[in-house]
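Architecture at a glance
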Amino acid sequence: MSVTEELFAFDASCGGIVAGIDEAGRGPLAGPVVVACCIPGKEVIDGVNDSKKVSEKKREYLYEKIVATCIDYTVEIIDEKTIDEINILQATKRGMENCAKKLRIMPDIILIDAVKGLKMPCKSESVIKADAKSYAVAAASIIAKVTRDRIMRAADEKYPVYGFIRNKGYGSAEHIRALREYGPCPLHRRTFIRNFTDEQT
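Residues numbered from 1 in each chain as written. Predicted model: local features only at pLDDT ≥ 70, side-chain atom pairs only at ≥ 80, totals over all residues. Heavy atoms only, no water.

**Topic: the overall build of the protein chain**
In terms of regular secondary structure, the protein chain is built from 7 helices and 5 strands. Sequence-ordered secondary structure for the protein chain, helices as α and strands as β, is α-β-β-α-β-α-α-β-β-α-α-α. Taking 17 Å as the expected radius of gyration for a compact globule of 201 residues, we find that the protein chain reaches 17 Å, a close match to that expectation. Overall, the C-alpha framework of the protein chain stretches about 55 × 35 × 25 Å when taken along its three principal axes. Residues counted as buried form 52% of the 201 residues belonging to the protein chain. Residue pairs in contact within the protein chain that sit at least 24 positions apart in sequence constitute 64% of those at least 6 positions apart. Surface exposure of the protein chain reaches about 9,600 Å², of which carbon and sulfur atoms provide 51%. Across the protein chain, the mean location of the 31 positive side-chain charges is 2 Å away from that of the 29 negative side-chain charges. (Helix = DSSP H or I, 4+ residues; strand = E, 2+ residues; numbered from the N terminus. Rg over C-alpha atoms; globule rule 2.2 N^0.38 Å. Buried < 20%, exposed > 50% of the residue type's maximum accessible area, 1.4 Å probe, protein only. Contact = heavy atoms within 4.5 Å. Areas by Shrake-Rupley, 256 points an atom, 1.4 Å probe, with all protein chains shown as cover. Lys, Arg positive; Asp, Glu negative; His and termini not counted. Charge placed at Lys NZ, Arg CZ, Asp CG, Glu CD.)

See the structure below:
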């Protein structure tokens, strides 16, 4: 049994219609946190796995297959200003709750990657490292990651000095050097960059 088939079997063991929720971008210094919820179709798409274990090129391919064959999916983008206002955990929770509420088809259970204390519209379960255990959560992780990467590639065209096309907003050495030299751009999370700038928040 392949890794993908094992993930699919995990969901099947839950019974009924299974949705997965995951996020991308909790740790970066810049850009939004993106949350996705996915109810996969019955087709097992070979290669679906935790987005961190899949190359950027393959994630793009899998994204197109997932959104074309899934029963339903939703995406929430929580911007950097909101993250600064309510903190990253609360921003992530808001995105997860909104994603679940926006589903057109209500699943029997929603599997969530690690985050607890959510107000879900149906039965839900928080699973540690769910993106490496559940097919639905892995699919959601790919949708979230690809969506966020596309946002950051577009941001690179507007703010090229930070290397967003390479670091996607994460705190790489290149990014931190640029932050110290040029200061923050509107996409930077002020509460995340205090150690790298003279700016007080």
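**Section: the environment of A144**
Here A144 shows up in helix α5 (residues 135-158). A relative accessible area of 0% places A144 in the buried class. Separated by 70 residues in the primary sequence, A144 and T74 place their C-alpha atoms 9.6 Å from one another. Sequence-distant contacts of A144, defined by excluding residues within four places in its chain, comprise D22, E23, A24, V34, V35 and A36.

**Observations regarding the packing of aromatic side chains**
Going through the model one piece at a time under the given rule, you end up with 2 aromatic pairs. Measuring from centroid to centroid gives 5.0 Å for F8 and Y135, while their planes differ by 80°, and the two rings are edge-to-face. With a gap of 127 residues between them, F8 in helix α1 (residues 3-12) and Y135 in helix α5 connect regions that are remote in the sequence. Taking the relative accessible area as the measure of exposure, F8 reaches 26% and is therefore partly exposed. Judged by centre distance (5.4 Å) and plane angle (20°), the ring pair of Y162 and F164 falls under stacked. This pair shows no difference in class: Y162 is buried, exactly as F164 is. Of note, R150 hangs over the ring of Y63, and the distance from its end group to the ring centre comes to 4.5 Å. Above the face of the F192 ring, R189 is positioned so that its terminal group lies 4.9 Å from the ring centre. (Phe/Tyr/Trp six-rings, centres within 6.5 Å; stacked < 30°, edge-to-face > 60°. Lys NZ or Arg CZ within 6 Å of the ring centre and 35° of its normal.)

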